[in-house]
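Coordinate analysis (summary)
For reference, the chains in residue letters:
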Amino acid sequence: MEELLERLLAECRPWTERGRVADYIPELGKQDPAALGVYVIGSEGRHSWAGDWDKPFSIQSVVKPILLLQALMDNGIEAVQSRVGMEATGKPFDAINAGEQTLDSAHLNPMVNMGAIVMCTLIHGGSYEERFRRLLELTRRMAGDESIGVDEAAYRSEKTHGSKNRALAYLLKSYGLLEGDVEEVLDCYFRACAIRVNCRSLAHIGAVLSNRGRAPVSGERIFPSAFARYVNAILVTCGMYDGSGEFAIRVGVPAKSGVSGSIMAAVPTRMGIGIFAPALDGKGNSLAGIHLLERLSKELYLSIF
Ligand code: GLN
């Protein structure tokens with residue numbers, strides 16, 4: 001496996017020169033576009049890795065499935081569905097999913113920004129601090145790493161430059177889709193996106209999802225299997241935003257991307273995969289990361305289709 005990963009990394013490295021590092025969050029613009037790393041955790045507990053797997057980065061949108069899981073654990077499936085829909089938007093992650101004069105919950109899903117911002121309001125807790133603490137706790141359990149914290153520079157950078165997300169949140173509020181104090185909700189969302197992880201953390205998270213809610217090796221049940229089914233299905237249809245259809249054809253596994261250049265993939269019953277390659281394609285997905293997963297999927301017959 002290590003040899004395979006090393007070979008695929010070498011084959012995909014040229015793609016790191018073709019994409020662009022995100023800079024609408026200035027802190028992300030400082031990332032090294034040449035970085036490339038992968039980490040795989042098999043269902044039997046075997047770990048394999050190559051390249052810059054231990055470089056830390058902010059989780060960004062890969063936190064969205066964890067936000068959804070926490071919302072499901074606190075409220076159940078029906079309550080979550082009544083607040084945010086489950087259909088692919090076919091639009092960019094930060095799109096304003098409103099019609100001419102309408103914006104209803106069916107236009108959203110938890111993998112785009114508007115849906116994820118609503119998820120922040122569904123997490124139980126007396127204060128937003130406590131809500132965030134509970135989300136961080138779930139992230140640590142899934143990632144198998146108690147030391148995971150927040151990248152303060154990424155958090156401050158997005159909080160200062162997050163006008164688009166601020167606009168999305170106020171729009172949700174104006175349509176009655178968001179309860180609570182908008183700035184507090186946004187603070188929770190920005191903090192969530194700034195949780196600092198590496199490829200191994202993402203492989204762990206993918207392994208729990210691929211194992212239907214149980215941590216591999218320890219067997220600890222973190223959430224019910226029905227929630228894993230829910231999240232994995234949404235990852236297939238919406239996890240790569242408006243690139244989800246092409247990704248399903250080329251790779252064919254539940255996965256989530258983030259603008260820091262990471263991809264978390266959960267191959268049902270088989271493995272969790274974490275990838276880091278910060279140069280992005282036009283849709284905000286890791287360019288070399290998708291190529292790496294495509295090759296890995298072909299070599300190991302990972303596609304679920
Ligand atoms: N924090 C980022 C944002 O809201 C996350 C987006 C992403 O990773 N696609 O813009």
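Figured I'd write up the structure that's included with this text.

Criteria and cut-off values
- Residues numbered from 1 in each chain as written.
- Predicted model: local features only at pLDDT ≥ 70, side-chain atom pairs only at ≥ 80, totals over all residues.
- Heavy atoms only, no water.
- Helix = DSSP H or I, 4+ residues; strand = E, 2+ residues; numbered from the N terminus.
- Contact = heavy atoms within 4.5 Å.
- Polar contact = N/O pair within 3.5 Å; in protein donor to acceptor, adjacent residues only side chain to side chain.
- 1 Å grid on protein atoms, 1.4 Å probe; cavity = no way out; pocket = protein on both sides within 12 Å on 5 of 7 lines; lining within 4 Å.
- Points joined across faces, edges and corners; volume = space filled by probe spheres on them.
- Nonpolar A, V, L, I, M, F, W, Y, C, P; charged D, E, K, R; others polar.
- Near = heavy atom within 4 Å.
- Areas by Shrake-Rupley, 256 points an atom, 1.4 Å probe, with all protein chains shown as cover.
- Sits in = over half its atoms within 2 Å of the grid points.
- Salt bridge = Lys/Arg side-chain N within 4 Å of Asp/Glu carboxyl O.
- Buried < 20%, exposed > 50% of the residue type's maximum accessible area, 1.4 Å probe, protein only.

**Thoughts on the side chain of S210**
For S210, the position within the fold is in helix α9 (residues 199-210). Look past the residues within four positions of S210 in its chain and what remains in contact with it is A266, V267, P268, T269, M271 and G272.

**Quick word on the side chain of Q60**
Structurally, Q60 is set in the loop between β3 (57-58) and α2 (64-75). Side chain to side chain, Q60 and S58 meet in a polar contact 2.9 Å long. Residues contacting Q60, with those up to four places away along its chain left out, are I25, L28, E158, C193, G258, V259 and S260.

**A closer look at empty space enclosed by the protein**
Evaluated as defined, the whole model comprises two cavities of 30 Å³ or more. Empty space within the largest cavity amounts to approximately 50 Å³. When the residues that make up the lining of the largest cavity are grouped by side-chain class, the tally is six nonpolar, four polar and two charged. Roughly 40 Å³ of internal volume is contained in the second largest cavity. In terms of lining, the second largest cavity is formed by L235, V236, M240, F247, A248, G252, V253, A255 and F305. When the residues that make up the lining of the second largest cavity are grouped by side-chain class, the tally is eight nonpolar, one polar and no charged.

**Topic: the site of the ligand**
Every residue lining the ligand is accounted for by Y24, Q60, S61, F93, N113, E158, N165, Y189, C193, Y241, G258 and V259. Separating an oxygen atom of the ligand from a side-chain N or O atom of N113 is a distance of 3.0 Å. Within the side chain of Y189, a nitrogen or oxygen atom sits 2.7 Å from an oxygen atom of the ligand. When the ligand is considered free in solution it has 290 Å² of accessible area, and contact with the protein chains removes 99% of it. Of the pockets mapped on this structure, the ligand occupies the largest cavity.

**What to know about the pattern of salt bridges**
Throughout the structure, instances matching the rule amount to 18 salt bridges. Of the charged contacts in the structure, one is a salt bridge between E152 and R156, with a shortest N-O distance of 3.9 Å. Within this pair, E152 and its partner R156 are both found in helix α6 (residues 152-161), separated by four residues, close to a single helical turn. Taking the shortest distance from any N to any O, the salt bridge between D187 and R191 comes out at 3.2 Å. Residue D187 and its partner R191 are located together in helix α8 (residues 182-193), separated by four residues, close to a single helical turn. Residue classification places D187 among the buried residues on the basis of a relative accessible area of 16%.

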